[in-house]
Amino acid sequence: FYSCPKLTTVDLVGRIHNTVASLHLESWRNEMKGEINRINHVLRNASALEKTPVVRNWMGSVIRLLDHFKTEHKAMLKEATTLLELALWKAKMDEKEEE
């Protein structure tokens with residue numbers, strides 16, 4: 001981006017928007033959207049020499065945040081699966097007691 005002193009906005013395309021839309025919690029979706037949109041505010045005030053490091057740092061931040069939410073999502077799914085397994089086990093035990 002060193003040859004792009006007038007760069008002021010970045011538009012992401014592709015699957016990132018689908019990934020963000022599929023995040024489990026609305027607060028996660030909103031935080032990701034805010035982080036994605038943050039670059040367009042930062043770039044307006046960045047000098048030509050700052051643009052490349054700013055974009056690199058922002059990309060790293062987006063990736064880290066998305067990875068964090070994916071990890072949290074997997075943990076929530078694992079907990080829900082465990083609760084479901086316990087409920088099924090209890091139902092089977094209750095069923096055997098009734099016999």
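A. Layout of the overall build of the protein chain. When helices and strands are counted, the protein chain shows three helices and zero strands. The linear arrangement of helices and strands in the protein chain, starting from the amino end, is α-α-α. Against the globule reference of 13 Å for 99 residues, the protein chain gives a C-alpha radius of gyration of 22 Å, more extended than a compact globule. With respect to the three principal axes, the spread of C-alpha positions in the protein chain is 80 × 20 × 15 Å. Burial status across the protein chain gives 24% buried among its 99 residues. Put simply, 67% of the contacts in the protein chain that link residues at least 6 apart link residues at least 24 apart.

B. Summary view of helix 2 (residues 26–45). Taking 1.5 Å as the rise per residue, helix 2 with 20 residues should run 28 Å; its terminal C-alpha atoms sit 30 Å apart, in good agreement. Helix geometry: helix 2 is bent most strongly at Asn37, by close to 30 degrees. Taken together, the buried positions of helix 2 are Trp28, Met32, Glu35, Ile36, Ile39, Asn40 and Leu43. Residues of helix 2 that are buried in the fold lie against helix 1 (16–21) and helix 3 (51–98).

C. A look at a negative patch on the surface. Residues Glu95, Glu97, Glu98 and Glu99 make up a contiguous surface patch of negative charge. The topology assignment puts Glu99 in the segment after helix 3. Its relative accessible area of 77% is what places Glu99 among the exposed residues.

D. Summary view of the environment of Ser27. With respect to the helices, strands and loops of the structure, Ser27 is situated in helix 2. As for Ser27 and Asn57, which are separated by 30 residues in sequence, their C-alpha atoms are 23 Å apart.

E. The packing of aromatic side chains, seen in detail. For the structure on display, the rule yields one aromatic pair. Measuring from centroid to centroid gives 5.1 Å for Trp28 and Phe69, while their planes differ by 20 degrees, and the two rings are stacked. Remark: Phe69 occurs in helix 3 and Trp28 occurs in helix 2; sequence separation between them is 41 residues. Both residues of the pair, Trp28 and Phe69, belong to the buried class.

F. Quick peek at the packing of helix 2 against helix 3. Interaxial distance between helix 2 and helix 3 falls to 10 Å at its minimum, and their mutual angle equals 180 degrees. In terms of orientation, helix 2 lies roughly antiparallel with respect to helix 3. Judged by residue contacts, Trp28, Glu31, Met32, Glu35, Ile36, Arg38, Ile39, Val42 and Leu43 of helix 2 engage Lys51, Val54, Val55, Trp58, Ser61, Val62, Leu65, Leu66, Phe69, Glu72, His73 and Met76 from helix 3.

Conventions adopted
Residues numbered from 1 in each chain as written. Predicted model: local features only at pLDDT ≥ 70, side-chain atom pairs only at ≥ 80, totals over all residues. Heavy atoms only, no water. Helix = DSSP H or I, 4+ residues; strand = E, 2+ residues; numbered from the N terminus. Rg over C-alpha atoms; globule rule 2.2 N^0.38 Å. Buried < 20%, exposed > 50% of the residue type's maximum accessible area, 1.4 Å probe, protein only. Contact = heavy atoms within 4.5 Å. Expected span 1.5 Å × (residues − 1). Bend = angle between axes of the 7 residues up to and from the residue. Patch = residues over 30% accessible without salt bridge, like charges linked within 9 Å, V, L, I, M, F, W, Y side chains within 5 Å. Areas by Shrake-Rupley, 256 points an atom, 1.4 Å probe, with all protein chains shown as cover. Salt bridge = Lys/Arg side-chain N within 4 Å of Asp/Glu carboxyl O. Lys, Arg positive; Asp, Glu negative; His and termini not counted. Charge placed at Lys NZ, Arg CZ, Asp CG, Glu CD. Phe/Tyr/Trp six-rings, centres within 6.5 Å; stacked < 30°, edge-to-face > 60°. Axes fitted to C-alpha atoms, helices over the stretch in contact; angles between N-to-C directions. Parallel < 35°, antiparallel > 145°, perpendicular 65-115°, else oblique.

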